[in-house]
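Coordinate analysis (summary)
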Amino acid sequence: MFRTALRNVLAHKARLLMTVLAVMLGVAFVSGTLVFSDTLNQALRNQSAKSYDNVAVAVTSYTDENDATQEPGISLATLDKIAKVDGVASATGRVEGFAGVPDKDGRLIGVGWSNKGSNYSPGKDGKDARYAFTEGSGPVEAGQIALDKDTADKGAYKVGDSVRVATNGPVKEYTLQGVFTTDDGAVSAGGSLVLFDTEVAQRLFLKPGYFSDVTVTAAPGTDDRKILDAVEPLLPENAHAETGQTLADRQAENIEQGLSAFNQVLLGAAAIALFVGVFLIANTFTMLVAQRTKEVALMRAVGASRKQITRSVLMEAAIVGLIASAAGYVLGIGLAVGLRSGMAAFELKVPDGPLVLGATPVISALAVGILVTMLAAWLPGRRAAKIPPVAAMNSAHAAPTQKSLIVRNTIGGVLAGVGCAVIVFGAVKGSGLGRILIAAGAFLTLIGVIMLIPLLSRPLIAAVRPLMVGGFGISGKLAGQNAVRNPRRTGATASALAIGLTLVTGLSVLGVTVGRSIDKMTTDQIKADYMVRMAGTGDLDQTALTALEKAPGVTAVSPQQDAYFELDGEFASASAVTPGAVEKVLNVEAVGGSLDSLGQGKIAVAEKTAEKRGWKVGSTLPVTYNDDKKGELTVGAVYKDSELLPSVLVDRKVVDPHDVKPYIPAIFVKMEGGGTAANEKALIDALGDNPAMTVMDKQDIRDEFGGFINILLNIMYGLLAMALIIAVLGVVNTLAMSVFERQQEIGMLRAIGLDRRRVKRMVRLEAVVISMFGAVVGIALGSFLGWAIGETIASSLPDYALVLPWDRIAVFLLLAGLVGVLASLWPARSAAKLNMLNAIKAE
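**Details of the environment of valine 372**
Along the polypeptide, valine 372 turns up in helix α11 (residues 359–385). The buried category is assigned to valine 372, whose relative accessible area is 17%. Measuring from C-alpha to C-alpha, the distance between valine 372 and glycine 277 comes to 8.6 Å, with 95 residues separating the pair along the chain. Leave out the neighbours within four places in its chain, and valine 372 touches Leu274, Val278, Ile281 and Ala367.

In structure tokens, the structure reads:
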């Protein structure tokens, strides 16, 4: 039977090509993900281990900037004590924070969130071991800096140049003293690193005389654990020490956990692609078995058992799976290399290191490819084994029995009905449980619809047949009839496309609906003309607020400053704002009292919070500030809940005296004349043309709040593209094999006058009809799922309303039609080129 299976594979290699391609693409996605993940994991581990090669003990401080009772870090006196511990060769203090430099066009170099500034701390030899200088030397004076090589190259900076350095305060100019290379994670992530003299870095990022971290190296022969035991008693309460090896191990574990989510997303997309490929494989083997029924019958007649027939088909599938898996693994290696290069294109550097080719990707590639192919071929093989020899000898195309179709449609109808009911119940239930129910219901519904697709194909295709006949004549009529001639085959082909478009449409409906809701929330609740924030994730300095208040044309400025204190015995999350200005830049609607009371030192409370805590206008509440000082605050106003505002508003003058350093993530600005180019320039000039600070107009604000939705959708579209490509291969495969089956019929049509042009049109229209049928089913199911998931999050979004993205749906339908046209090019050309006489003689 193995020789028979091998002979059949070799005899039908052209017809198995699409199956090989489908499996190969899915396996490439899996193996490429695993190889890339292993390579990236190993490179990051090596980089992390290298960073702690000579570190005996690492000390880290955890400072709450709003707690005035804590030391801001590790003091110089503590550092000196650590340096004097027996066995310590050196103790180096580090301090870091946000710092960035602009390129020649004034744009911030790097990705913002990983732009970093730190101190240059030379040892007794005058060098800092963490940095290797390629030009110049490290900064040793207040007006000097050093830059990492990548940043210096991007900004075209040379030693001796004057460089503008942006922090969360005013921009200052420094002289470039040196250029260095480093393994620092910020630079590897595509950011930049600016080195300052230690005293300057302490003044910028912490406090003079304090460090945020200390690195301890050991003298030869000294045990790291012994040093750790001696260092720990010297540390303040807000500092923690551990050995360099422990820290390296934990970072390696964090790297693995961080990559795990990335892997799961890619492998999930690969699983979808392989699931779609199952339909292509099953369709291929079903058609091959149907075309070889006489051969199967002869084998049965000479003594082959049903099990042997099934095993023969499964062996063919295993051989095809093995070939596809091997090719997919090689393609996956190329995909991993491409992903690595692609990250560099987005300024996300991957540490140098060899390509890791472990056993797991190889085993996974072979297992996935072979098992998926055999699983998909099992039903066609079982169906082939059930055909009686005599019946098979009498028919080249045995049709499924009426009983099997009834059973299939009944099971499909029950699954689809139950699944839809579960989805609706999940939508009504809402929250996390509702989403779990929707996921379960979606699975049942999808399986049910796939089983019902052959039944659905007849009425849906029949509905558009008059249009085809009217527009394309006999070619349209024949295409419509051919599309429903074998409903199972049409259904299996359309199912592959339907699955991909179900996911794409569901994501689109949900994304556009949520994006529209966020956009409406932004436009309704923000009155400001501009919002100022850091380019990264840091906070703004108070000097930025002062500068904006003095800018020409400004009519109102209010920060959204984070404030934390204990109010009436419970922790409260509040925003410190500017009274009289906050209601001009944000839509704060008072439902009780007056917001003017903020200027009298009173607080404003969100309506739901007031109801929950039993507060009302005039309530006096005990408060404990961050510096442990106590007092009382009176409720002066109650305002309508807003997604942009926390539960409490307070005048910043009330909380500033109790905070060591106010944390200001954003500042809202209202200007005379609204948003104009001149007003925007006035704000940029007021901030000192700081490249690290972003001045956003109303459109930028809308994009900031809702832009991530489009980014997420585009990422998901990209990941699901593989599934859609496999679906296209399925259409090509079905048409190609269908043309082969209908050689005699096509020859007869040519003989009675159907020219080559109309034969091509017939095949092309058949492909378009099948593609559009799958698209309609997928779009309908996807819209239903998008609505259901949206209902589970509707309560957390104001003014939530379902939005069907008709423009995107139209694009999906247009692309489905284009897919049909492209997929039909080769089969249509093959059909048109058939020799009439040879085709008529074909069996």
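**Let's talk about the packing of aromatic side chains**
What the rule picks out here adds up to 8 aromatic pairs. Judged by centre distance (5.7 Å) and plane angle (90°), the rings of tyrosine 120 and phenylalanine 133 are edge-to-face. Separated by 13 residues along the polypeptide, tyrosine 120 in strand β5 (residues 116–120) and phenylalanine 133 in strand β6 (residues 132–136) bring together distant segments of the chain. In this structure phenylalanine 133 comes out as partly exposed when scored by relative accessible area, which is 25%.

**Section: the pattern of salt bridges**
Note on pairing: side chains with opposite charge can pair once their charged atoms come close. For the coordinates displayed, the defined rule picks out 11 salt bridges. The partner of arginine 94 in a salt bridge is aspartate 128, with the nearest N and O atoms 2.7 Å apart. Here arginine 94, found in strand β3 (residues 88–94), pairs with aspartate 128, found in the loop between β5 and β6; they are 34 residues apart in sequence, far enough to count as distant. Take aspartate 128: its relative accessible area is 3%, and that puts it in the buried class. Linking glutamate 570 and arginine 613 is a salt bridge whose minimum nitrogen-to-oxygen distance equals 3.6 Å. Here the residue glutamate 570 occupies a position in strand β17 (residues 570–577), and arginine 613 occupies one in helix α19 (residues 607–613), the gap between them amounting to 43 residues. Arginine 613 sits in the partly exposed class, given a relative accessible area of 23%. Salt bridges linked by common partners bring Asp103, Asp105 and Arg107 together as one network.

**Focus: the pairing of strand β16 (residues 561–567)**
The side-chain alternation of β16 yields one buried face, formed by Gln561, Ala563, Phe565 and Leu567, and one unburied face, formed by Asp562, Tyr564 and Glu566. Sheet topology places β16 next to β17; 7 bridges connect them, and they run antiparallel. Looking at the pairing, alanine 563 lines up with alanine 574 of β17. If you look at the hairpin formed by β16 and β17, you'll find 2 residues sitting between the two strands, and aspartate 568 has a positive phi there, around 55°. Here β16 pairs with strand β20 (residues 620–624) via 2 bridges, running antiparallel. Of the residues in β20, the one forming a bridge with glutamate 566 is threonine 624.

Conventions used here
- Residues numbered from 1 in each chain as written.
- Predicted model: local features only at pLDDT ≥ 70, side-chain atom pairs only at ≥ 80, totals over all residues.
- Heavy atoms only, no water.
- Helix = DSSP H or I, 4+ residues; strand = E, 2+ residues; numbered from the N terminus.
- Buried < 20%, exposed > 50% of the residue type's maximum accessible area, 1.4 Å probe, protein only.
- Contact = heavy atoms within 4.5 Å.
- Phe/Tyr/Trp six-rings, centres within 6.5 Å; stacked < 30°, edge-to-face > 60°.
- Salt bridge = Lys/Arg side-chain N within 4 Å of Asp/Glu carboxyl O.
- Pairing = 2+ DSSP bridges.

Worth remembering: the numbers are spatial, not functional.
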